[in-house]
Amino acid sequence: MAGHRRSAQTQLMLRPPRNGVDPRARRWWTVQALLTVSGPLLLVAVALLVNSLLFFPGALPWLAPLLLVTCVLPAVAYVLAMPRLRCRIHAWEVGEAAVYAAGGWLLRKRRIAPLSRVQTVDTVRGPLQSRFGLATVTVTTASTAGDVRIAGVSDEDAEWLATRIADAARLVPADGDAA
Amino acid sequence: MSEQQPEQQPEQWPAQAAPAQAPEPWRTLDPRTIAVHCTWMGAPLGSLALTALATGGRLDTRAWITLAVIAVVFAGIAASGVVTWRRTRYRVTADAVELRTGLLTRSVRAIPLHRVRNVDITANAVQRVLGLAVLRAGTGGGGRGGEISLEALARPEAVRLRAELLARAGARRADDPVLAGADLRRLRYAPLTFWAVGGVFAAAGGVWRILDGIGIEPWRIGIVRRAFDDFGHSFLWVTVPLALLAITVLGAVGAVALYAEEWWDYRLEWTDAATLRVRHGLFTTRSVSIERARLRGVTLREPLLLRAGGGASVRAVAGGLGNTEENRRRSVVLPPASYAEALRVCDGVLGEPLGAPELTPHPRAALRRRLVRALAWCVLPPAVVLAVLGALLTPVLLYCAAGWVLLAAPVAYGLGRDAYRGLGHGLRGRFLLVRSGTFGRETTALDRSAVLAWTFTDSPFSRRAGVVTATAAVAAGEGGYRIRDMSADTAAGFAEAATPGMLAEFLEPSRSAVNDGPS
């Protein structure tokens, strides 16, 4: 602990990025959760319950609690918690010299890449995202561990982000890695 | 770069009249390549011959059909080899190296000479016998698009071409010393590698598959059966240790043989001021050249066994060595050797002395997390399974569960402590140092100017423990190098210190530091 005390006086912490996601992102993530995880889980539970009700009524006393614990509760918890946590954590910011993004829901990931190292800026709108007027902006660097992903921004923000980062990347002289 | 460029000259203009601008003639690969091309039919032919031997020369219909199929395939391969060889042409023009290929579709790939970053020469056993070598020239851009592979050239031609390419790639000659050479004493570290144990099982699996492939069931062979009958049941307390000893000895011998084959005639040197070259191999010679500008650091590897024996190996962290698998194979600059020599090679590769790395330890929470993880994932599951089964079936399993816990818990505790002691990070000169791991401990020195991005990852558990994992992204080696479980309070400050200015605008004084200063 002694080693940490010295730095405690001048300790600097990473603050969260300034811009949050678009309010529509929460609905997008909810629909996504329903389509990919929660919906299928609930469907399986319902199908099994209906089947057992029709053909094996004797199995209900143990099947119902089992399904409740393994399918229904996780599905409901996921669809309620994931979008809420993502909205709280996801954020982005383009600074003078670097782009900064936070993401994740259970595992939180914050990534900072200098604009001078940016190689490409990709904007992706999935079928679901475009329905909500959202986009995902991915800023790539030369390293696979250095790609910054900003999910759930509005179309206008995505456009602004793409031009802003591309401009900045052009202005800031590329160092070292280009040649 | 355009491949049409040299076509400015009229067709009839003699090449030797204007050597500066005349189009370079297209050159063919060595015709012996076709023979190499056909050699992989050796495996099925060999297995067929073995079958013939085993059955005393009486081949059944199935074998004849197989033989016919092999003959047809052989003819096809030989024909395609001839056509491929005829169609493949390469040349080195004033500013690019070009390769024309294609059986059905023709393609021309050109790599500008100033983009060539590494030139490797390799040769497998067959190519070696025939005096051939494969030359690969890459831009280091990653992916297959940035590489030209000439398979294969006569060996002197390959060596000459490599010298030419590297010279034209802008590298300067210098007489820098050889960093490390072949040394028989290094062989004693060979049994401390994975192959000492894994090799036996891999070899046994291989033999089994061959026997299975030619239809012999090993347990039907008289000797094996008798040996098993005689020793298998009777003296278990003798047989089991004997078998373990035999496996260990076999593994050690195999590991030494493999090591000798791979690292025969090893040499690591700066061929000029800008090119690091490592060359080794007995039957297959491998030679990898790494340009200094692509060199981002080194990794000192000390797997558990090797560390116990006081050894280490060294890998270069460099861009453009191919995908993860190729990178793992080609980045080795020093095979398992003594720790002192490994440190010396690290210094030689980096070009400045690092000394024995003295690193900042990580918070106690990291130790707790490691211990909990070791107990919860390795000790607990078998114990629970055994206990539940024991409660349901027989009390013997309960004793087994207790025995397992008594045996495994101290081991897990020791490994957890070792993993914690391995954690560390620090700054030394222009390098960022990261160390972690217990089974495969790695200490990596990364050029700070090569860090492309920083990532901070945490989970609900690690947030509560006050630790965070910071990842430095580089366009070399494994891509991202993780500093696991460092104190959440100092992580951002450390990253900013390592790469000044990268995080500055997103930092603010920590609230906890303001409230309770000397915590």
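Conventions used here
- Residues numbered from 1 in each chain as written.
- Chains lettered and ligands numbered in written order.
- Predicted model: local features only at pLDDT ≥ 70, side-chain atom pairs only at ≥ 80, totals over all residues.
- Helix = DSSP H or I, 4+ residues; strand = E, 2+ residues; numbered from the N terminus.
- Buried ≥ 20, exposed ≤ 12 C-beta atoms within 10 Å, placed from the backbone.
- Contact = placed C-beta atoms within 7 Å.
- Nonpolar A, V, L, I, M, F, W, Y, C, P; charged D, E, K, R; others polar.
- Axes fitted to C-alpha atoms, helices over the stretch in contact; angles between N-to-C directions.
- Parallel < 35°, antiparallel > 145°, perpendicular 65-115°, else oblique.
- Left-handed = near helix turned anticlockwise from the far one by under 90°.
- Core = buried A, V, L, I, M, F, W, Y, C linked by C-beta atoms within 7 Å.
- UniProt positions renumbered as here; feature names shortened; annotations may be inferred.
- Pairing = 2+ DSSP bridges.
- Expected span 1.5 Å × (residues − 1).
- Bend = angle between axes of the 7 residues up to and from the residue.
- pLDDT = per-residue confidence, 0-100.

Chain B goes by YdbS-like PH domain-containing protein in an unreviewed UniProt entry, where it is assigned to Streptomyces hiroshimensis.

As annotated in an unreviewed UniProt entry, chain A carries the name Membrane protein and is attributed to Streptomyces hiroshimensis.

**What about the overall build of chain A?**
Per the secondary structure count, chain A includes 5 helices and 8 strands. Across chain A, helices and strands are ordered from the amino to the carboxyl terminus as α-β-β-α-α-β-β-β-β-α-β-β-α. Of all 179 residues assigned to chain A, the portion counted as buried reaches 32%.

**Focus on the overall build of chain B**
Helix and strand counts for chain B come out as 16 helices and 21 strands. Here chain B, with 519 residues, has 34% of them falling under the buried criterion. A separation of at least 24 residues holds for 57% of the contacts in chain B among residues at least 6 apart in sequence.

**Regarding the interface of chain A and chain B**
At the junction of the two partners, chain A supplies 34 residues and chain B supplies 36 residues. For the side of chain A that touches chain B, the elements supplying multiple residues, two or more each, are helix 1 (2–8), strand 1 (12–14), strand 4 (98–103) and strand 5 (108–114) of chain A. The dominant element in the side of chain A that touches chain B, judged by the number of residues it contributes, is strand 5 of chain A, at 7 residues. Split into classes, the residues belonging to the side of chain A that touches chain B amount to 14 nonpolar, 11 polar and 9 charged.

**Remarks on the packing of helix 2 (residues 42–54) of chain B against helix 3 (residues 61–87) of chain B**
The axes of two packed helices give the description: the angle between them and the distance between them. Residue and element names in this part refer to chain B. Close contact between helix 2 and helix 3 brings their axes to 11 Å; oriented N to C, the two are set at 155°. Relative to helix 3, helix 2 is oriented roughly antiparallel. For the element pair helix 2 and helix 3, the recorded crossing hand is left-handed. The segment helix 2 lies against helix 3, with P44, L45, L48 and T51 engaging A63, T66, L67 and I70. When grouped by side-chain class, the residues that make up the contact of helix 2 with helix 3 number 6 nonpolar, 2 polar and no charged.

**Some details on the nonpolar core**
Of all hydrophobic cores here, the largest spans 100 residues; its most connected members are V99 of chain A together with V345, L446 and V474 of chain B. By residue number, the principal contributor to this core is helix 15 (residues 488–498) of chain B, which donates 6 residues. Ignoring anything within four residues of it in the chain, the contact list for V345 of chain B reads L179, A180, L268, V314, V333 and L334 of chain B. Judged by nonpolar contacts, the second largest core, of 24 residues, contains Y90, L135, L165 and L166 of chain B.

**Describing the UniProt feature "transmembrane region" (unreviewed entry) in chain B**
Residue and element names in this part refer to chain B. If you check UniProt for "transmembrane region" (unreviewed entry), the listed places come out as residues 34–57, 63–85, 192–211, 235–260, 371–390 and 396–415 in our numbering. Taken end to end, residues 63–85 has its terminal C-alpha atoms 32 Å apart, with 100% of it in helix and 0% in strand. Secondary structure across residues 371–390 divides into 100% helix and 0% strand, with the first and last C-alpha atoms of the span separated by 27 Å.

**Some details on the UniProt feature "transmembrane region" (unreviewed entry) in chain A**
Mapped onto this numbering, the UniProt entry gives "transmembrane region" (unreviewed entry) at residues 33–56 and 62–81 of chain A. The distance separating the terminal C-alpha atoms of residues 62–81 of chain A is 28 Å; by composition the span is 100% helix and 0% strand.

**So, unusual backbone geometry**
All names here are of chain B. The omega angle of the peptide bond from E151 to A152 is 0°, so this bond is cis rather than trans. Within the chain, D265 stands out as a residue other than glycine whose phi angle is a positive 60°. The residue D485 is not glycine, and still its phi comes out positive at about 50°. Among the secondary structure elements, D485 is positioned in strand 20 (residues 480–487).

**A look at the sheet that holds strand 14 (residues 332–338) of chain B**
All names here are of chain B. Strand order in the open sheet formed by 6 strands is 14-13-12-17-16-15, and the pairing between neighbours is antiparallel. If you trace the sheet from one side to the other, it starts and ends with strand 14 and strand 15 (424–428), each paired once. Each strand of the sheet is rotated relative to its neighbour by a mean of 15°, with strand direction disregarded. The sheet contact formed by strand 13 (residues 311–318) and strand 14 spans 4 bridges and is antiparallel. Pairing of R315 across the sheet is with V332, part of strand 14.

**With respect to the sheet that holds strand 8 (residues 148–154) of chain A**
Residues and elements named next belong to chain A. Taken together, 3 strands build an open sheet; the order of strands is 6-7-8 and the sheet is antiparallel. Whereas interior strands pair on both sides, the edge strands pair on one side only; in this sheet they are strand 6 (120–124) and strand 8. The sheet shows a mean angle of 20° between the axes of neighbouring strands, taken without regard to direction. Two elements, strand 7 (residues 134–140) and strand 8, share 5 bridges in a ladder whose sense is antiparallel. What sits directly across from A135, in strand 8, is V153.

**Considering helix 13 (residues 395–422) of chain B**
All names here are of chain B. Between its first and last C-alpha atoms helix 13 spans 40 Å; for 28 residues at 1.5 Å apiece the expected length is 40 Å, and the two agree. Its axis deflected by about 30° at A408, helix 13 carries its strongest bend there, up to four residues before the proline P410. Considered for burial, the residues of helix 13 that qualify are A401, A412, G416, A419, Y420 and G422. On its buried side, helix 13 packs onto helix 12 (364–392), strand 16 (431–436) and strand 17 (440–447).

**Comments concerning the environment of G181 of chain B**
All names here are of chain B. Checked against the element boundaries, G181 lands in strand 8 (residues 178–181). Once the C-alpha coordinates of G181 and W264 are considered, the two residues, 83 residues apart in sequence, prove to be 9.9 Å apart. Apart from residues no more than four positions distant in its own chain, G181 is found in contact with Y266 and R267.

**Here's the deal with the confidence of the model for chain B**
Residues and elements named next belong to chain B. Model confidence for chain B is summarised by a mean pLDDT of 81, while 86% of its residues fall at 70 or above. The low-confidence segment residues 170–176 (pLDDT under 50) makes 13 contacts with residues lying over four places distant or belonging to another chain. Model confidence for the complex: the whole-complex pTM is 0.69, and ipTM, which rates the interface, is 0.88.

**A short note on the confidence of the model for chain A**
For residues with low pLDDT, the predicted coordinates do not support detailed interpretation. Residues and elements named next belong to chain A. Residue-level pLDDT values for chain A average 86, and 89% of them are 70 or greater. Long-range and interchain partners of residues 1–9, a stretch whose pLDDT sits below 50, account for 13 contacts in this model, where long-range means more than four residues apart. For residues 175–179, every residue scores under 50 in pLDDT, and the model assigns this stretch 5 contacts once sequence neighbours within four places are set aside.

**Some remarks on the environment of E341 of chain B**
Tracing the sequence through the fold places E341 of chain B in helix 11 (residues 339–350). Taking the C-beta count within 10 Å as the criterion, E341 of chain B has 18 such neighbours and is therefore assigned partly exposed.

**As for helix 12 of chain B**
Owing to its 3.6 residues per turn, the α-helix brings residues three or four apart onto one side. All names here are of chain B. Taking 1.5 Å per residue, 29 residues should reach 42 Å; helix 12 reaches 40 Å between its end C-alpha atoms and fits that length. Within helix 12 the residues assigned to the buried category are A366, R369, R370, A374 and L386. In this structure, the buried side of helix 12 is in contact with helix 13, helix 14 (460–465), strand 19 (467–473) and strand 20.

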